[in-house]
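# Structural characterization, general
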Amino acid sequence: MSSQDPVGFGKDFSLHRSSAASLLLTFFVMPSIGTAGEPWWKSSTVYQIYPVSFLDTTGDGFGDLNGIHSKLDYLKDLGSIADYRAIDSRYGTLKDWDNLVKGVHEREMKLMMDLVANHTSDEHDWFVQSKRSKDDPKRAWYIWRPAKYDSDGKRHPPNNWRSVFQGPAWTYDEATDEYYLHLYLEKQPDLNWDNPVVRDAVWDLMRFWLDRGCDGFRMDVINIISKVDGLPDAPVVDKDEEYQPASMHYANGPRVHDYIAEMRENVLSHYDLMTVGEISFTHSTEELARYVLPKDNELNMVFQIELMHLDRPDHVSASPLEHYDWKVAELRDIISRWQVFKRDEGFWNTIFIENHDNSRSVSRFGNDSTDELRAISAKLLAMLEITQKGTLYVYQGQELGMKNFPRSWALEEYQDVATQNYWNRILARRMQEQKKKPEDVDMQDVLDDFQKKARDHARTPMQWDASSHGGFTSGNTPWMRVNDDYKSWNAASQLNDEESVLAFWKKALVVRKQYPILIFGEFELILPNHGQVLAYKRTHGDSEALVLLNFSNSAAEVEVEGGKWQFVLGNYAAEEGGAYDLKPYEGRLYVAH
C-alpha cells in the first residue's frame, strides 16, 4: 500500500451513497468578543458544496475540485464556508485536492470532508475481492447471508428489510449463492463494522486525510453502522409491500457508541478538528443526545432532521417525497424545543434548512410564487438561521435564494434514484389496484409532490451568471439541467445589487459575528400562540435580542412588552412605533439598548 492509496481507498474512497457526494468548506473566523474559551467550530459558519453541481472547469458537464478552488474568493467574501467529499477521478486528482486545501487555508478557512463509511461502491476493490468467493479474506468485510426458501422452493432474501431507496435491502450473488446487504443502493454494499479489521481500515483512512490537511468530517449516516444481531425480520407495517421499513434493526444499533468511542480513541482525540454526524431514522431526543453531550465525548454535533420533516405527512409509511401543508405552530414547536434541548448539559445544535438531501428552502418554507416574495422570504429564512444558537450551515445556492425547478419539467429530469424508485413503486401499486396500463394511471399528484419535495431540486447546477448553462460549464451538456430562471437569477446579477438575497446573507453573517448573543445566548420563546409569527428573545449576560419572523403572506401585528429595542437587521426597511406591524414574510432583529 502506497502513501497515495491508504488501505486501498485512494481516489475511490467515496464510500458514497451517490456518484456525487458533497464537500464542506468551513470558514474559520477568530472568535469575537464574548466567545473566549469556546471551540472554534461553535462560531464557525459552514458552507456545503455539492461538487458535481458547483462549477465545471473541464467542459465535461460535471463540477470538479478546480471549480471549487476558482470560487474560494467568492466564498470568502460571503463570510462562511464548509465542504465535504473524497476524490472521485471525475473531480480531479490528489494534486487538485492538495491545491484546494492550500487555497482554503491561505484564506483562513477550513475544509471538511464527507466520511461515508457505512458502505462502499460495489466497484471498490474491497468488495470485488469479497465477492470472489466465500473463502476470500475480505468476505467478512461485508454482510453476506444465505437465501431463504419457501415451501414451494422459491428463493427469498435473508430477511424482509426494505432498502431506504425502496425494494429489498439485499442483492443475490449467483456465483457464491448468497445475498449481500445494502441499506441504500444495490451498488453500495454495507461494510461489516463488527469486523475489527474493517474499523482499523477506516481509522487509517481518516488519518490519511487529516494528515493531508482535512479539518474535520461530516459523518454520513454514522448511526447505522451497527446492525442488530441476527438481522431479524422487520415488523409488517405496510401489508401491501413484501419488504418493510427496518430502521429499528440498524439505526442506533447495539455497538454504535462503542465504535464511535473507539474512533475517538484511535483518531479524533489526536487532532483539532470538527465532527458532525448525520443521524438518520432517529426520533428520540435522548438517543440523539448520546452522540453529542460532552459527558459522552463522541461527536461535536449532529444533524437532527425534525425540521426537514415539517412538511411530511404524519403516518407510518409516509415518504420524504410526500408533501404536507405545515403550520407556523409546528415550526415554532420544533425550533423552540431544539433551541433549549439539554442546554445545561452542553448539547450543541446544527442550524440548517437546506442540504443536498432536501429541496430548496425558499420553495418549501418561503414563497417563490413571485420574484419579490421569493427574495423577501429567502431573506426571512436567512434571519431564522442566523438568529439561532448552534453552528450554522449554508448550502450552495441558498445564499442566492435558488428555488425548485418548475412543475412543467418532465419525469425524465428527475435523476435521483430515490425519486425514480418511489415513482416506480407507486405506479406498480396503482396499476395492480386499478388494473390499468402504465400510461392510463393518473400520477399527477405524485409529480405535484416531486415538484415540492424531490432532492433533485437541490442538485441542479449553481447559477453563476446569465451565460449558457448559467456559467456552470463551457460544455454542451451539464450532468443535470440548469433551472430555467438562471438568466435573471444568478450570482453575477446579485453581486452588485445591494437589495439582493446574496447581499442580505453577507450582511446577516456580519451581524451574527458582531453579536455573540445570537450564537451562544439563551433562547426564550414569546408569543407562543400567534398564528403567523415566530418570535423569540436571545439573552446572554446583560445582552438581549428580539427576533420577529412573519411566516405568512399577510400582514401581522404583534405586541412586545418591555425594553428599548434598537433595530439591527430586517428584510424590509425599519418601522418605528410601539406596535410591531409586520409585512408579509417580514423579519426583524432588535437588540436592547
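Look up: the structure comes first, before these words.
Structure report, in brief. (Residues numbered from 1 in each chain as written. Predicted model: local features only at pLDDT ≥ 70, side-chain atom pairs only at ≥ 80, totals over all residues. Heavy atoms only, no water.)

## Re the packing of aromatic side chains
Worth spelling out the cut-off: Any pair of Phe, Tyr and Trp rings, taking the six-membered ring for Trp, is counted once the centres come within 6.5 Å. Such a pair is stacked with planes under 30 degrees apart, edge-to-face with planes over 60 apart, and tilted for the rest. Secondary structure elements are defined from DSSP: runs of H or I of at least 4 residues count as helices, runs of E of at least 2 residues count as strands, and each element is numbered from the N terminus. Type-normalised accessible area, obtained with a 1.4 Å probe on protein chains alone, sets the label of each residue: buried when under 20%, exposed when over 50%, and partly exposed for intermediate values. We count a charge as sitting over a ring when the NZ of a lysine or the CZ of an arginine lies within 6 Å of the ring centre and within 35 degrees of the ring normal.
Using the criterion set out here, one finds 31 aromatic pairs in the structure. An angle of 80° between the planes, with centres 5.3 Å apart, marks the rings of Trp-97 and Trp-209 as edge-to-face. Taken together, the residues Trp-97 in helix α3 (residues 94–106) and Trp-209 in helix α5 (residues 196–211) connect sequence positions 112 residues apart. Pairing Trp-326 with Phe-365 gives two aromatic rings, centres 6.0 Å apart and planes at 65°, and the pair type is edge-to-face. With Trp-326 in the loop between β11 (301–303) and α8 (328–340) and Phe-365 in the loop between α9 (361–364) and α10 (371–386), this pair connects stretches of sequence that are 39 residues apart. Relative accessible area serves as the criterion here: at 18%, Trp-326 is assigned to the buried category. Above the ring of Trp-144, the side-chain terminus of Arg-139 is found at 3.6 Å from the ring centroid. The cationic tip of Arg-374 hangs over the ring face of Trp-489; the distance from NZ or CZ to the ring centre is 3.7 Å.

## Brief notes about the sheet that holds strand β14 (residues 522–526)
Test applied: Whether two strands pair depends on DSSP finding at least two bridges between them. Axis definition: a line fit to C-alpha positions, over the contact stretch in the case of helices; interaxial angles, taken between N-to-C directions, run 0 to 180 degrees.
One open sheet accounts for five strands, arranged β14-β15-β16-β20-β18; its pairing is antiparallel. Edge positions in the sheet fall to β14 and β18 (565–570), since each has one partner strand and no second. Going from strand to strand, the sheet's axes swing by 25° on average, the running direction of each strand aside. Here strand β16 (residues 543–550) runs beside strand β20 (residues 587–592); their pairing, made up of five bridges, is antiparallel.

## What about helix α4 (residues 125–132)?
Three- or four-residue spacings in an α-helix give side chains the same orientation, since the helix completes a turn every 3.6 residues. Rules: Along the arc lie the directions from the helix axis toward the C-beta atoms. Note on contacts: a residue pair qualifies if any of its non-hydrogen atoms lie within 4.5 Å across the two residues.
Buried residues of α4: Trp-126, Phe-127, Gln-129 and Ser-130, and no others. Down the axis of α4, the sector holding all buried residues measures 160°, keeping them to one side. Residues of α4 that are buried make contact with β4 (144–145), β8 (178–181) and α5.

## Some points on the pairing of strand β15 (residues 533–540)
The buried fraction of β15 is high, at six of eight residues. Relative to β15, β14 runs antiparallel, the two sharing five bridges. The residue of β15 that forms the bridge with Glu-522 is Thr-539. The hairpin formed by β15 and β16 contains two residues between the paired strands, and Gly-541 there has a positive phi angle of roughly 65°.

## Considerations on the pattern of salt bridges
Worth spelling out the cut-off: Salt bridge, as used here: a side-chain nitrogen of Lys or Arg that lies within 4 Å of a carboxyl oxygen of Asp or Glu.
Per the counting criterion, the structure on display carries 43 salt bridges. Linking Asp-73 and Arg-107 is a salt bridge whose minimum nitrogen-to-oxygen distance equals 2.7 Å. Residue Asp-73 is found in helix α2 (residues 72–78), and its partner Arg-107 is found in the loop between α3 and β3 (109–115); the two are separated by 34 residues along the sequence. Two residues, Asp-416 and Arg-459, come together in a salt bridge whose shortest N-O distance is 3.7 Å. Taken together, the residues Asp-416 in the loop between β13 (391–395) and α11 (417–434) and Arg-459 in the loop between α12 (444–453) and α13 (491–495) connect sequence positions 43 residues apart. Since its relative accessible area comes to 7%, Asp-416 is described here as buried. When salt bridges that share partners are traced, they join Arg-162, Asp-238, Glu-241, Arg-425 and Arg-429 into one network.

So, to be careful, I would describe these as geometric facts and stop short of saying anything about function.
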